[in-house]
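# Residue-level structural notes
Residue-level listing of the chains:
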Amino acid sequence: MTSKIDKTGDIGDLPLSDETSSATAARAPLHGIRVIEVATFIAAPFCGTILGDFGAEIIKIEQPTQGDPLRAFGTRTECGDSLVWLSESRNKKAVTLDLRQPKGAELFRRLVAGADVVIENFRPGTMEKWGLGFEDLRKVNDHLVMLSVSAYGQTGPKRQEPGFARIAHAFGGLAYLAGESNGRPVVPGSTSMADYLSGMWGAIGVLLALRARDTIGKAQLIDIGLYESVFRLLDEIAPAYAKYGFVRERQGADTVNVVPHSHYQTGTGEWVAIACTSDKMFARIAAAMGRPELATSPDFATSIERVKRRDEVNRMVAEWVGSQTLAQILAECEAGGVPCAKIYSIKDIFEDPQYKARENLMKIEDPRLGPLVLPTAMPRMSETPAQFQHAGRALGADTAEVFGQLLGIDREELETLRKQGIV
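The structure contained in this document is the topic of the report that follows. Bear in mind that the values here come from a model prediction, so they are computed numbers and not experimental data. (Residues numbered from 1 in each chain as written. Predicted model: local features only at pLDDT ≥ 70, side-chain atom pairs only at ≥ 80, totals over all residues. Heavy atoms only, no water.)

### Things to note about the environment of threonine 266
Within the secondary structure, threonine 266 sits in the loop between strand S8 (262-265) and strand S9 (271-274). The class of threonine 266 is buried, set by a relative accessible area of 5%. C-alpha of threonine 266 to C-alpha of proline 367: the two residues are 101 residues apart in sequence and 45 Å apart in space. When neighbours within four sequence positions are excluded, threonine 266 is seen to be in contact with Val272, Val321, Gly322, Gln324, Thr325, Leu326 and Ile329. A distance of 2.7 Å separates polar atoms of two side chains, one belonging to threonine 266 and the other to glutamate 270. (Helix = DSSP H or I, 4+ residues; strand = E, 2+ residues; numbered from the N terminus. Buried < 20%, exposed > 50% of the residue type's maximum accessible area, 1.4 Å probe, protein only. Contact = heavy atoms within 4.5 Å. Polar contact = N/O pair within 3.5 Å; in protein donor to acceptor, adjacent residues only side chain to side chain.)

### Describing the packing of helix H2 (residues 43-53) against helix H8 (residues 193-216)
Across the interface, H2 lies against H8 with an axial gap of 7 Å and an inter-helix angle of 55 degrees. Between H2 and H8, the angle falls in the class oblique. Seen from above, H2 lies across H8 with right-handed handedness. Contacts between H2 and H8 involve Ala43, Phe46, Cys47, Ile50 and Leu51 on the former and, on the latter, Asp195, Tyr196, Ser198, Gly199, Met200, Gly202, Ala203, Val206 and Leu207. (Axes fitted to C-alpha atoms, helices over the stretch in contact; angles between N-to-C directions. Parallel < 35°, antiparallel > 145°, perpendicular 65-115°, else oblique. Left-handed = near helix turned anticlockwise from the far one by under 90°.)

### Observations regarding the pairing of strand S3 (residues 57-62)
Two faces, one strand: in a regular strand the side chains alternate between the faces of the sheet. Burial runs high along S3: five of the six residues are buried. Relative to S3, strand S2 (residues 34-38) runs parallel, the two sharing four bridges. Residue pairing in the sheet places glutamate 37 in a bridge with lysine 60 of S3. In this fold, S2 hands off to H2, which returns the chain to S3; that crossover is right-handed. (Pairing = 2+ DSSP bridges. Right-handed = clockwise from strand over helix to strand, strands pointing away.)

### A look at unusual backbone geometry
Trans is the common state for peptide bonds, and a negative phi is the common state for residues other than glycine. Here valine 259 and proline 260 are connected by a cis peptide whose omega angle stands at 5 degrees. Assignment of secondary structure puts proline 260 in the loop between helix H10 (237-244) and S8.

### Quick look at empty space enclosed by the protein
Tallied over the entire structure, the rule returns two cavities of 30 Å³ or more. Its volume calculated, the second largest cavity comes out at about 30 Å³. Looking at the second largest cavity, the residues that line it are Ala151, Tyr152, Gly163, Phe164, Ile167, Ala168, Phe171, Leu226 and Tyr227. Only helix H7 (165-171) and helix H9 (226-231) provide two or more residues apiece to the lining of the second largest cavity. Residue composition of the lining of the second largest cavity, grouped by class: eight nonpolar, one polar and no charged. (1 Å grid on protein atoms, 1.4 Å probe; cavity = no way out; pocket = protein on both sides within 12 Å on 5 of 7 lines; lining within 4 Å. Points joined across faces, edges and corners; volume = space filled by probe spheres on them. Nonpolar A, V, L, I, M, F, W, Y, C, P; charged D, E, K, R; others polar.)

### Concerning the sheet that holds S8
Pairing within the open sheet is antiparallel, and its three strands lie in the order S8-S9-S10. The open sheet has two edge strands, S8 and strand S10 (340-342), and neither has a second partner. Here the strands of the sheet are splayed against their neighbours by 30 degrees on average, with no regard to which way each runs. One ladder, built from four bridges, connects S8 with S9; its direction is antiparallel. Opposite tyrosine 264, over in S9, you have valine 272 as the bridge partner. Its contacts with the sheet put helix H13 (residues 310-322) on S8 and S9, and the angle it makes with S8 is roughly 40 degrees.

### Remarks on H13
The terminal C-alpha atoms of H13 lie 18 Å apart, and with 13 residues this matches the ideal 18 Å at 1.5 Å per residue to within 8%. Residues of H13 that are buried in the fold lie against S8, S9, helix H11 (279-288), helix H12 (303-308) and helix H14 (326-336). (Expected span 1.5 Å × (residues − 1).)

### Some details on the pairing of strand S5 (residues 117-120)
Side chains Val117 and Ile119 of S5 all project onto a buried face; the interleaved residues Val118 and Glu120 project onto the opposite face, where all are buried too. Note: S2 against S5, four bridges, orientation parallel. Directly across from valine 38, in S5, lies its bridge partner glutamate 120. Here S5 runs beside strand S6 (residues 145-150); their pairing, made up of four bridges, is parallel. The residue of S6 that forms the bridge with isoleucine 119 is leucine 147.

### What about the packing of aromatic side chains?
Given two aromatic rings, their pairing is described by the distance between the two centres and the angle made by the two planes. One pass over the structure, following the stated rule, counts seven aromatic pairs. Where phenylalanine 41 meets phenylalanine 164, the ring centres are 5.9 Å apart and the plane angle is 85 degrees; that geometry is what we call edge-to-face. Here the residue phenylalanine 41 occupies a position in the loop between S2 and H2, and phenylalanine 164 occupies one in the loop between S6 and H7, the gap between them amounting to 123 residues. According to the relative accessible area criterion, phenylalanine 41 is partly exposed, its value standing at 26%. For the pair tyrosine 152 and tyrosine 227, a centre-to-centre distance of 5.9 Å together with 40 degrees between the ring planes defines the contact as tilted. Separated by 75 residues along the polypeptide, tyrosine 152 in the loop between S6 and H7 and tyrosine 227 in helix H9 bring together distant segments of the chain. You can call tyrosine 152 buried: its relative accessible area is 9%. Here the aromatic residues Phe41, Phe73 and Phe164 are joined through ring pairs into a cluster of three or more. Its end group placed over the ring of tyrosine 152, lysine 158 keeps NZ or CZ at 5.0 Å from the ring centre. In this structure, arginine 250 packs its charged tip against the face of tyrosine 176, placed 5.4 Å from the ring centre. (Phe/Tyr/Trp six-rings, centres within 6.5 Å; stacked < 30°, edge-to-face > 60°. Lys NZ or Arg CZ within 6 Å of the ring centre and 35° of its normal.)

This is the structure:
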């Protein structure tokens, strides 16, 4: 059963729209692409989520009886699965299959023979141990695209070590930068950022490989280490160290090369973010503060000089923000063209008209759980937008359909496979 969805952006008591039509599905940019996902938790599976949002057929393979540990990760719901499962396993067909058994591996190869993409995130060498590594699978499908996500990648001295997002944040250099200058390193947000980033890089890699397949006609392996997904986003840190020996340290809410570019508390207690990335922008802030002369002062006119006087500049801005209510500071910044935003909680996000106007939250009716609100897929496409079919499915919900339609396995044979613990 397909979930119904309302994408008006209003999460109140609204009518639910009709299900996605087959004609609309056929226009999806990845319509006709079949993906076999044999991965757990978030990193590689989030790649499948992205591809599924835009029309790819995602066949999610899980261990019989146990399933993906993501089902029990996060807030559990009345249907037995977690909210993160319901959200991030959307649009995927739920199939059970034990790859460790020879018969399970055989069935997997048969599925792969008719697929375009395989997604996995076992520890390096695991798929090869089962006879299902890239070199094995390309023999049954010479046009296969395979994504392998692991803690440290498929090569190097740490390739066999385990790891999760927190470890990637540490090893990738991000956690070192998160926290106050005189405090301990902290988690950069309470989400599994490295996992989601790796899924995004994985989706980019899959799309590149599919495009290359059209030109060179070859199978291709995409190899991603969780830490690499984080490290690649650390702007100039690597060249700055290589050329000048500069080690960037934690600066709390501040940014190394510019000021004022931080978080400030209003007189009514809320926190706002203010961004000043240029001298022109500082002139706007100075004017908004009623101190336009600061923009022409030799002590503050350039970013280089302001960074030298970071504490003084931050103190002036903090006093200005702290002397006003949230509504006043937002109004003055908007009038002056100063980038400023309240630091939002999820409650603020649900109440904000911008989120509603952009339809960033979608209300669905799930057949197992009832009303749910999920983040809308990204990116926004003018002609081939993302499509929602259903939230994460129950364990094995689509096993009979997939094996019946793709492999010709009838119910009697399927029941035998179930008794043997293969599906």
